[in-house]
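What follows is each chain in one-letter form.
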Amino acid sequence: MASSDEDKLRAEFGYNGGILDRAYKFPEDFAVLEESCGHYTIMDFTPGDRKRIWANKAYLHHYGQTLDEYRAHDFNTLNSEAVHRFQNGVHETTQVNGKTARYIKTIYPNGVPATLFFIMRPIRVIHPFTAKGCDFTLGEPTRRSHELMNISDVMSLTIAAETGHVDYANPRAKEYYYSSSPLKMENGEQKALNLTDIFETCIWENDCERAESWSCLKGLNLQSHPLEFECRKIGRMNDEIDRWHRMVFVPCINPATGSVSLFLNEYDISQLKQTEGDLTAANDAQDSFVASVTHDLRTPLNGMIGLSDALIQDPRCPDYIKKNLRVIKTTGNRLSMLVNDILDAASARRNTLTVKHEQCDVAEIVQNVLDIVSP
């Protein structure tokens, strides 16, 4: 998020270092974020001068936009008053008070609802839309790129493809791999992390899956598409649920070394997996309940249908009673079909529904309906 109140922030909040103490420059400082599969954007919410500045490739691809189309959106006139009030709140929190804003929002790309969790942090940038004459002291690009990754809530690492050594890990990655995992110490000292160590924190279903994943990982090159997989991970002592990560390996050139590297983004999806498990258990319980109830319904229905049929076949039964018995039998059969439809719906949810094509007597069906609805 671009800030237009840097001097005020320093005076009121005592910023003497960190992301607000220097400006980031386009495009070189943001090149590393182009390799990420996460969504990153830079926006300025200054009232009356709101603008979109930049978005990485993953964001633009997700929303089907080019960078020029993204920047062309008119924040100042096209949005509603409610959206402007929200944007003013974001500006107050981040660009005035220098704090991080977090919020959950449901959007509708291509008409499909998607719930997203946004984290908005204040940074200072030099871009084509800023006032001329800004004179900021810039550090070397690699350090500034690392500083950008340091503020990400995603675990990010760069790994040398040839040696497997980890060249850089942001604080979230260090928290897991160094501070809270079995890899944190070796002979009383912090261990140098490498690709094998990262792979060993994954828990695989079987040796075949493990071998296949390792083969795909070692086969990555600059022409390869990003490799993505989800797996269980070695947990931390304070973990209350099973730990799951989505790991995305992106082959790239490390701008600091000029060598082929793997840019790894790890997303903690433990809560998502826990929710999926709870939903699966709830669906299974629902299916079990439906099966039990439909069985209890079918038993008396079969008795009613069988008894009606027996009375209809009895020659001693008067015709006017047989007519009513046929209606009872037809209604019972219809209820039995509805019970079967309930079971079919449960089968459809489990993708086990079998469709059978059979001939039917249309005249009989119409007559049954007339018998049911007629007085």
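Residues numbered from 1 in each chain as written. Predicted model: local features only at pLDDT ≥ 70, side-chain atom pairs only at ≥ 80, totals over all residues. Heavy atoms only, no water.

**Some remarks on the nonpolar core**
Line of reasoning, step 1. Leu157, Ile159, Ile198, Leu217, Met247 and Phe249 are the most contacted members of the largest nonpolar core, which has 24 residues in total.
Line of reasoning, step 2. Going through the elements one at a time, strand S7 (155-160), strand S8 (166-169), helix H7 (171-179), helix H8 (195-200), strand S10 (227-233), strand S11 (244-253) and strand S12 (260-268) are the ones with two or more residues in this core.
Line of reasoning, step 3. Looking at this core element by element, the count peaks at four residues for H7.
Line of reasoning, step 4. Setting aside anything within four residues of it in sequence, one finds isoleucine 198 in contact with Leu157, Ile159, Val166, Tyr177, Leu193, Lys233, Met247, Leu264 and Glu266.
Line of reasoning, step 5. In this structure, Phe26, Trp54, Tyr267 and Ile269 belong to the second largest nonpolar core, which totals 21 residues. (Core = buried A, V, L, I, M, F, W, Y, C linked by side-chain atoms within 4.5 Å. Buried < 20%, exposed > 50% of the residue type's maximum accessible area, 1.4 Å probe, protein only. Helix = DSSP H or I, 4+ residues; strand = E, 2+ residues; numbered from the N terminus. Contact = heavy atoms within 4.5 Å.)

**Digging into the sheet that holds S8**
Line of reasoning, step 1. In space, the six strands of this open sheet follow the order S8-S7-S12-S11-S10-S9, with antiparallel pairing throughout. At either margin of the open sheet sits one strand with a lone partner, and together these are S8 and strand S9 (202-203).
Line of reasoning, step 2. Pairing geometry for S9 and S10, over two bridges, is antiparallel. Paired with isoleucine 203 across the two strands is arginine 232, which belongs to S10. (Pairing = 2+ DSSP bridges.)

**Things to note about the side chain of histidine 245**
Line of reasoning, step 1. Relative to the elements of secondary structure, histidine 245 occurs in strand S11.
Line of reasoning, step 2. There is a polar contact of 2.8 Å between the side chain of histidine 245 and the side chain of arginine 243.
Line of reasoning, step 3. Within the local environment of histidine 245, its side chain forms a polar contact with the side chain of glutamate 266, the two groups lying 2.6 Å apart.
Line of reasoning, step 4. Those residues in contact with histidine 245 that sit more than four places away from it in its chain are Met155, Tyr176, Phe229, Glu230, Cys231, Lys233, Glu266, Tyr267, Asp268 and Ile269. (Polar contact = N/O pair within 3.5 Å; in protein donor to acceptor, adjacent residues only side chain to side chain.)

**Some remarks on the environment of tyrosine 177**
Line of reasoning, step 1. Assignment of secondary structure puts tyrosine 177 in helix H7.
Line of reasoning, step 2. With 16 residues separating them in the primary sequence, tyrosine 177 and leucine 193 have C-alpha atoms 8.0 Å apart.
Line of reasoning, step 3. Only 2.3 Å separates the side chain of tyrosine 177 from the side chain of glutamate 266, close enough to count as a polar contact.

**Structural notes on the packing of aromatic side chains**
Line of reasoning, step 1. This model, assessed by the stated rule, comprises eight aromatic pairs.
Line of reasoning, step 2. On the numbers, 5.6 Å between centres and 55° between planes, the contact of tryptophan 204 with phenylalanine 229 is tilted. On the criterion of sequence distance, the pair formed by tryptophan 204 in the loop between S9 and helix H9 (207-218) and phenylalanine 229 in strand S10 is long-range, its members being 25 residues apart.
Line of reasoning, step 3. Chaining the aromatic ring pairs together yields one cluster made of Phe199, Trp204, Trp214, Phe229 and Phe249.
Line of reasoning, step 4. In this arrangement the basic side chain of lysine 273 is found over the ring face of tryptophan 244, its NZ or CZ atom lying 4.7 Å from the centre. (Phe/Tyr/Trp six-rings, centres within 6.5 Å; stacked < 30°, edge-to-face > 60°. Lys NZ or Arg CZ within 6 Å of the ring centre and 35° of its normal.)

**Description of the side chain of serine 156**
Line of reasoning, step 1. Structurally, serine 156 can be placed in strand S7.
Line of reasoning, step 2. For serine 156, a relative accessible area of 1% gives the class buried.
Line of reasoning, step 3. Within the local environment of serine 156, its side chain forms a polar contact with the side chain of asparagine 265, the two groups lying 2.9 Å apart.
Line of reasoning, step 4. Beyond its immediate sequence surroundings of up to four residues, serine 156 is in contact with Met149, Tyr168, Ala169, Asn170, Ala173, Phe263, Leu264 and Asn265.

**Quick look at a nonpolar patch on the surface**
Line of reasoning, step 1. A contiguous nonpolar patch, built from Val362, Ile365, Val366, Val369, Leu370 and Val373 and spanning about 530 Å² of accessible area, is present on the exposed surface.
Line of reasoning, step 2. Inspection of the secondary structure puts valine 373 in helix H12 (residues 362-373). (Patch = residues over 30% accessible without salt bridge, like charges linked within 9 Å, V, L, I, M, F, W, Y side chains within 5 Å. Areas by Shrake-Rupley, 256 points an atom, 1.4 Å probe, with all protein chains shown as cover. Salt bridge = Lys/Arg side-chain N within 4 Å of Asp/Glu carboxyl O.)

**Quick look at the pattern of salt bridges**
Line of reasoning, step 1. Scanning all chains against the criterion turns up twelve salt bridges.
Line of reasoning, step 2. Glutamate 228 is the partner of arginine 246 in a salt bridge, and the nearest nitrogen-oxygen pair spans 3.3 Å. In this pair, arginine 246 is assigned in strand S11 and glutamate 228 in strand S10, connecting sequence segments 18 residues apart.
Line of reasoning, step 3. Exposure remark for arginine 246: the relative accessible area of 22% places this residue in the partly exposed category.
Line of reasoning, step 4. Where aspartate 314 meets arginine 316, a salt bridge forms, and the shortest distance between an N and an O atom there is 3.2 Å.
Line of reasoning, step 5. Judged by its relative accessible area of 19%, aspartate 314 falls in the buried class.
Line of reasoning, step 6. It is possible to trace a salt-bridge network through shared partners that takes in Arg121, Asp153, Arg172 and Glu175.

**Observations regarding H9**
Quick reminder: α-helices carry 3.6 residues per turn. Residues three or four places apart thus point the same way.
Line of reasoning, step 1. Taking 1.5 Å per residue, twelve residues should reach 16 Å; H9 reaches 16 Å between its end C-alpha atoms and fits that length.
Line of reasoning, step 2. Its side-chain oxygen at 3.2 Å from the backbone nitrogen of cysteine 208, asparagine 206 defines the N-terminal cap of H9. (Expected span 1.5 Å × (residues − 1).)

**Considering the confidence of the model for the chain**
Line of reasoning, step 1. Mean pLDDT for the chain: 77, with 79% of residues reaching 70 or above.
Line of reasoning, step 2. Note on residues 130-139: pLDDT is under 50 here. Beyond four places in sequence and across chains, it has ten contacts. (pLDDT = per-residue confidence, 0-100.)

**Focus on the packing of helix H10 (residues 270-313) against helix H11 (residues 319-349)**
Line of reasoning, step 1. The interhelical angle for the contact between H10 and H11, taken along N-to-C directions, is 160°, at an axis separation of 9 Å. For the element pair H10 / H11, the angle class is roughly antiparallel. Note that H10 runs across H11; the crossing there is left-handed.
Line of reasoning, step 2. For the contact of H10 with H11, the class distribution of residues is 15 nonpolar, seven polar and seven charged. (Axes fitted to C-alpha atoms, helices over the stretch in contact; angles between N-to-C directions. Parallel < 35°, antiparallel > 145°, perpendicular 65-115°, else oblique. Left-handed = near helix turned anticlockwise from the far one by under 90°. Nonpolar A, V, L, I, M, F, W, Y, C, P; charged D, E, K, R; others polar.)

**Observations concerning the layout of surface pockets**
Line of reasoning, step 1. In this structure, the second largest pocket occupies an estimated 410 Å³ of space.
Line of reasoning, step 2. In this structure, the second largest pocket is lined by 13 residues; those nearest its centre are Thr330, Met337, Glu364, Ile365 and Asn368.
Line of reasoning, step 3. Among the secondary structure elements, those contributing two or more residues to the lining of the second largest pocket are H11 and H12.
Line of reasoning, step 4. Looking at which element gives the most residues to the lining of the second largest pocket, the answer is H12, with six residues.
Line of reasoning, step 5. A per-class count over the lining of the second largest pocket returns six nonpolar, three polar and four charged. (1 Å grid on protein atoms, 1.4 Å probe; cavity = no way out; pocket = protein on both sides within 12 Å on 5 of 7 lines; lining within 4 Å. Points joined across faces, edges and corners; volume = space filled by probe spheres on them.)

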